[in-house]
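Spelled out, the chains give:
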Amino acid sequence: MAKDAIKILVTGAAGQIGYALVPMIARGIMLGLDQPVILHMLDVEPAAKALEGVKMELIDAAFPLLQGIIATTDVIEACRGVNIAVMVGGFPCKEGMERKDVMPRNVPIFRAQASALEQHAAPDCKVLVIANPANTNALILKESAPSIPAKSITCLTRLDHNRALSHIADRLNVQASNVKNVIIWGNHSSSQYPDAHHAIAITSIGEKSVKELIADDHWLDTEYVAFVQQRGAAIIKARKLSSALSAASAACDHIRDWVLGTPKVDSVILNLQTKSIFSFFFNALFPLYPRSNQGTWVSMGVYSDGSYGIEPGLIYSFPVTCQKGEWSIVQGLNINEFSREKLDATAKELVEEKSLAYSCLDN
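About the criteria used
Residues numbered from 1 in each chain as written. Predicted model: local features only at pLDDT ≥ 70, side-chain atom pairs only at ≥ 80, totals over all residues. Heavy atoms only, no water. Buried < 20%, exposed > 50% of the residue type's maximum accessible area, 1.4 Å probe, protein only. Helix = DSSP H or I, 4+ residues; strand = E, 2+ residues; numbered from the N terminus. Axes fitted to C-alpha atoms, helices over the stretch in contact; angles between N-to-C directions. Parallel < 35°, antiparallel > 145°, perpendicular 65-115°, else oblique. Left-handed = near helix turned anticlockwise from the far one by under 90°. Contact = heavy atoms within 4.5 Å. Nonpolar A, V, L, I, M, F, W, Y, C, P; charged D, E, K, R; others polar. Pairing = 2+ DSSP bridges. Phe/Tyr/Trp six-rings, centres within 6.5 Å; stacked < 30°, edge-to-face > 60°. Core = buried A, V, L, I, M, F, W, Y, C linked by side-chain atoms within 4.5 Å.

Asks: Honestly, helix H5 (residues 134-144) in this entry has me stumped. Any pointers?
Replies: What sets the pattern is the α-helix's 3.6 residues per turn: residues three or four places apart point alike. Across the 11 residues of H5, 10 count as buried, placing the element largely inside the fold. Among the residues making up H5, those that are buried are Ala134, Asn135, Thr136, Asn137, Ala138, Leu139, Ile140, Leu141, Lys142 and Ser144.

Next comes the structure, spelled out in structure tokens:
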């Protein structure tokens, strides 16, 4: 039976990330190859002609899943009835500016978008904020739309998560798909803490701890952390523009796992359901084939409930699992002294950003 189309809003759709993201959505990368979509694209008036050009290209691509396109500069029209909102547009941090400099400019943007989403989006709309500072922009949106549940508003740290997976995979000379359960804690900024202490790699003899396989705590706590923290800056230096393709891909990963769920138990290649008859014969024929025996978590910026000693009310990146459209923070992970300091440092930065955001909201 054909599925009903899902309405997906992308703000800043004529920009770099938006231009990379909308064809991925239309091709089914975000929600699957059997899920029709209707794209709502929003941008500012100066970008209206470019936005119309993006719409023309989407039409010319003849995507089978794309059942409709709305391209507009009207925030109410853009938000009407949407089931998923990907907030890419915001005032960028330009050369010579600090994050605090863009906060007063982003507050009215996200306040207006929050109001439109609250009044016109579907009641169960899921919101992903990408525009930086992502954590605090998400908090502004949440505070400006009190009727939208806190669990419906998230920010993107999946790009950092994917960078962390890939860097470990490169170190171990394995595929990125064979590494899982890294964690990005805290802010999507240079204070974030990429934590590999709980990560697992799937090898020819089964699952092994990344910490055990690398056997170099100094590298994991210094070079690895710095690489992930500074990867965005390195890309800007190389291409003179910020990450777009990888950010768009990460946005699809974030929404896909949120909506469809994170894997519970998977095999490396086939991801077979354990009750299927094919899996039965596969397991019988290849009993030593490497498999994962632990579920997978991902990193998402979510509304803190006090887990791991993080102040409630911050939008903070935690390890989460997702099921039936709901995320849950992974509990019970051991946090060593080194990690504790890193978790607290990035939380401190977010507390400072929250204070500034609230002062802007008050004004």
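Asks: Would you explain the packing of helix H1 (residues 16-27) against helix H10 (residues 245-260) in this entry?
Replies: In a packed pair of helices, the relevant descriptors are the angle between the two axes and the axis-to-axis distance. Axis separation between H1 and H10 bottoms out at 8 Å; the angle between their running directions is 45°. Between H1 and H10, the angle is such that the two are oblique. Like other packed secondary-structure pairs, H1 and H10 cross with a definite hand, here right-handed. Facing H1, whose interface residues are Ile17, Ala20, Leu21 and Met24, H10 presents Leu245, Ala247, Ala248, Ser249, Ala251 and Cys252. Classifying every residue of the contact of H1 with H10 gives 9 nonpolar, 1 polar and no charged.

Asks: Teacher, can you tell me more about the sheet that holds strand E10 (residues 200-203) here?
Replies: Read across the sheet, 3 strands follow the order E7-E10-E11 without closing on themselves; strand pairing throughout is antiparallel. Each of the sheet's edge strands pairs with one partner strand only, and the pair in question is strand E7 (179-180) and strand E11 (206-209). For E7 and E10, the ladder comprises 2 bridges, and the chain directions are antiparallel. Bridging from a neighbouring strand, Lys180 pairs with Ile200 of E10.

Asks: I would appreciate a short explanation of the pairing of strand E5 (residues 126-129) in the present structure.
Replies: Regular strands show a simple pattern: their side chains alternate between the two faces of the sheet. Alternating positions in E5 separate into two faces, Lys126 and Leu128 on one and Val127 and Val129 on the other, with burial throughout. In terms of strand pairing, strand E4 (residues 84-87) meets E5 through 4 bridges, oriented parallel. Each bridged residue has a counterpart across the sheet, and for Ile84 the counterpart in E5 is Lys126. The pairing of E5 with strand E6 (residues 153-155) spans 3 bridges and is classified as parallel. Paired with Val129 across the two strands is Cys155, which belongs to E6.

Asks: Help me understand the packing of aromatic side chains in this model?
Replies: The description of two aromatic rings rests on the distance between their centres and on the angle between their planes. For the structure shown, the criterion picks out 5 aromatic pairs. Here Trp185 and Tyr308 contribute two aromatic rings whose centre-to-centre distance is 5.1 Å and whose plane-to-plane angle is 70°, an arrangement assigned as edge-to-face. Here Tyr308 lies in the loop between strand E12 (298-303) and strand E13 (315-323) and Trp185 lies in strand E8 (residues 183-185), a separation of 123 residues in the sequence. Each member of the pair, Trp185 together with Tyr308, is buried. Relative to Tyr224, the ring of Trp219 has its centre 5.7 Å away and its plane inclined at 35°; by these criteria the two rings are tilted. Assessed through its relative accessible area of 5%, Trp219 is described here as buried.

Asks: I tried to follow the nonpolar core on my own but got confused; where do I start?
Replies: Among soluble globular proteins, nonpolar side chains are generally buried collectively. Among the nonpolar cores identified, the biggest contains 75 residues, and Leu21 and Leu58 are the most heavily contacted of them. When residues no more than four places from it in sequence are discounted, the contact partners of Leu21 are Val10, Met30, Val86, Val88, Ala248, Ala251 and Cys252. Judged by nonpolar contacts, the second largest core, of 31 residues, contains Ala78, Leu141, Ala145 and Ile153.

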